[in-house]
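# Chains, contacts and geometry: an overview
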Amino acid sequence: MGIGNGSSNGNQQSSHKEIRDETTPLLPVKVEEEEGFHEFNGASFSGAVFNLSTTIVGAGIMALPASIKMLGIIPGILMIIIVALLTEASIDMLVRCSHQGKITSYGWLMGEAYGQWGRIALQTSVVINNIGVLIVYMIIIGDVLSGTTSAGVHHRGILEGWFGAHLWNSRVIVLLATALLVFAPLVSLKRLDALKYTSALSVALAVVFVVITAGIAIIKLFNGTVAMPKLFPELDGLSSIWKLFTAVPVLVTAYICHYNVHSIDNELEDRTQIKPIVRTSLFLCSSVYIATSFFAYLLFGEGTLDDVLANFDANLGIPFSSIFDDIVRVSYAAHVMLVFPIVFFALRLNLDGLLFPTSRHISRDNKRFAIITISLLTAIYLAAIFIPSIWDAFQFTGATAAVLIGFIFPAMIILRDPYAVATKRDKILGVTMIVLAIVSNAVALYSDTINIFRKKEVA
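In this text the structure is predicted, and so the values were computed from the model without any measurement.

Thresholds applied
Residues numbered from 1 in each chain as written. Predicted model: local features only at pLDDT ≥ 70, side-chain atom pairs only at ≥ 80, totals over all residues. Heavy atoms only, no water. Bend = angle between axes of the 7 residues up to and from the residue. Helix = DSSP H or I, 4+ residues; strand = E, 2+ residues; numbered from the N terminus. Buried < 20%, exposed > 50% of the residue type's maximum accessible area, 1.4 Å probe, protein only. Axes fitted to C-alpha atoms, helices over the stretch in contact; angles between N-to-C directions. Parallel < 35°, antiparallel > 145°, perpendicular 65-115°, else oblique. Left-handed = near helix turned anticlockwise from the far one by under 90°. Contact = heavy atoms within 4.5 Å. Nonpolar A, V, L, I, M, F, W, Y, C, P; charged D, E, K, R; others polar. pLDDT = per-residue confidence, 0-100. Salt bridge = Lys/Arg side-chain N within 4 Å of Asp/Glu carboxyl O. Phe/Tyr/Trp six-rings, centres within 6.5 Å; stacked < 30°, edge-to-face > 60°.

## A look at helix H7 (residues 171-187)
Maximal helix bending in H7 amounts to about 35°, located at Ala179. Burial in H7 covers these residues: Arg171, Val174, Leu175, Thr178, Ala179, Phe183, Leu186 and Val187.

Shown next, in the form of structure tokens:
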């Protein structure tokens, strides 16, 4: 869906002017500085696909096999496909409204539809969701590289297993080195397109995990050492039905990428490519999700843990098991490291929008850019060190914020229809998404709360 008419040169110039003038995540700002934009001719299709795919495939990939175990193979795979289709529909709503109104950010679009408080609600949701996700990412990196202790049992990290326990491979030092040597250089980049190569590597590392898991599962299947996985859930009462709903937030969170769609769209040389980019990314990620969930559940069966990475901390029952364990864990830790800057990009933009809503774009203010970047990195690092048991808290806040970002806010925008682009089908779909999101997540949060209290009573 193009914007404007005229010659190709005219289109290209107007496209570049839009990138210079309206890349703000909040409201359009007056151009004060144009240096640094002249040599950028627009992001490529492949670069945009890798960046959006990396936004989608984060830590959620490790929780999906447990969801398949809960739902059964057939309903689980169907749910992955359905959520992917709903995600495409919700992003399409955002893109059509944004192109029609020449809007260049999610926050700005929400502000146009629901005013200042709508914009603040969206940006607050993105900040809550992304800061929670990034803390969890750093905790995962610490667990994989330095090890962790839970319920009195110590699980050795890769570095501890290779070299023994030392000060230099302790959690504090390893995460500090990761923050300074990996995260700091990557989050200092001011354009998403600059991360396209690390994003491509991140997607490749996710594929490595899928290939290894599938290979081991197929070998054990031929050897007759894996059990037949259940095709449908086992229901033995009302409580088991409620428990099925706890898989919904996991599936929803696995597809949340809406906060980076506008940033990717703004950097494209041809903005009509955004729809095929979204479809390609969702197809790629859905394929990875289905393969990961199916083969991991086939491999570990009813022993599949909530975080399937923990299953790779034991003997897999094949030759060179420890080597494959280490390859999976190292590749996943590297994958999470490369996803971190993509999620951080949107966090910084939206936090800046909440704190400085009328200031010029953060990329044009080096001092503000540096202060917010350093402050966020420091806060995330300290949280990962001193509050390692935050999973339950972010299971609630993250799931709630993710549902708002991915489904409820896009549906609200299309129902308000500020640029008269909605069809009758859009309106029906919008109402359906809101109802499904509220009902399923209310039941999931209720079920999670009951389970947490039951665990405390047992303990």
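What follows continues from the structure just given.
## A short note on the packing of helix H8 (residues 196-222) against helix H13 (residues 321-355)
Two numbers describe how H8 lies on H13: the axes approach to 8 Å, and their chain directions differ by 150°. Overall, the two elements H8 and H13 adopt an arrangement that is roughly antiparallel. In terms of crossing hand, the pair formed by H8 and H13 is left-handed. Across the interface between the two elements, Thr198, Ser199, Leu201, Ser202, Leu205, Ala206, Val208, Phe209, Ile212 and Ile216 of H8 pack against Phe324, Ile327, Val328, Ser331, Ala334, His335, Leu338, Val339 and Ile342 of H13. Among the residues forming the contact of H8 with H13, the class breakdown is 14 nonpolar, 5 polar and no charged.

## Re unusual backbone geometry
A positive phi angle, close to 60°, is found at Phe320, a residue other than glycine. On the secondary structure map, Phe320 appears in the loop between helix H12 (274-300) and H13. For Phe320, a relative accessible area of 61% gives the class exposed. For Ala420, which is not a glycine, the phi torsion comes out positive at approximately 55°.

## Thoughts on the confidence of the model for the protein chain
Confidence along the protein chain averages 83 in pLDDT terms, with 84% of residues attaining 70 or more. The least confident element of the protein chain is helix H1 (residues 8-21), whose mean pLDDT is 41; the most confident is helix H4 (residues 73-101), at 94. Within the model, pLDDT remains below 50 along residues 1-38, and this stretch shows 68 contacts once partners closer than five positions in the same chain are excluded.

## A word on the pattern of salt bridges
Two side chains with opposite charge may pair up if their charged atoms get near one another. Summed over the entire model, instances satisfying the criterion amount to 11 salt bridges. Between Asp365 and Arg368 there is a salt bridge, with its nearest N and O atoms 3.1 Å apart. Looking at Asp365, the relative accessible area reads 18%, which means it is buried. You can call Arg368 buried: its relative accessible area is 9%. Each of Asp92, Arg96, Lys275 and Asp426 takes part in salt bridges that share partners, so that together they form one network.

## Considering the packing of aromatic side chains
Summed over the entire model, instances satisfying the criterion amount to 8 aromatic pairs. When the centroid spacing of 3.8 Å and the interplanar angle of 10° are considered together, the rings of Phe183 and Phe340 count as stacked. Remark: Phe340 occurs in helix H13 and Phe183 occurs in helix H7; sequence separation between them is 157 residues. With relative accessibility at 0%, the residue Phe340 sits in the buried group. A ring pair is formed by Tyr255 and Tyr289, whose centres lie 5.3 Å apart and whose planes are at 85°; its orientation type is edge-to-face. Linking Tyr255 in the loop between helix H10 (247-253) and helix H11 (258-267) with Tyr289 in helix H12, this pair joins segments that are 34 residues apart in sequence. Each member of the pair, Tyr255 together with Tyr289, is buried. Among the aromatic residues, ring-to-ring pairing joins Trp162, Phe163 and Trp168 into one connected group.

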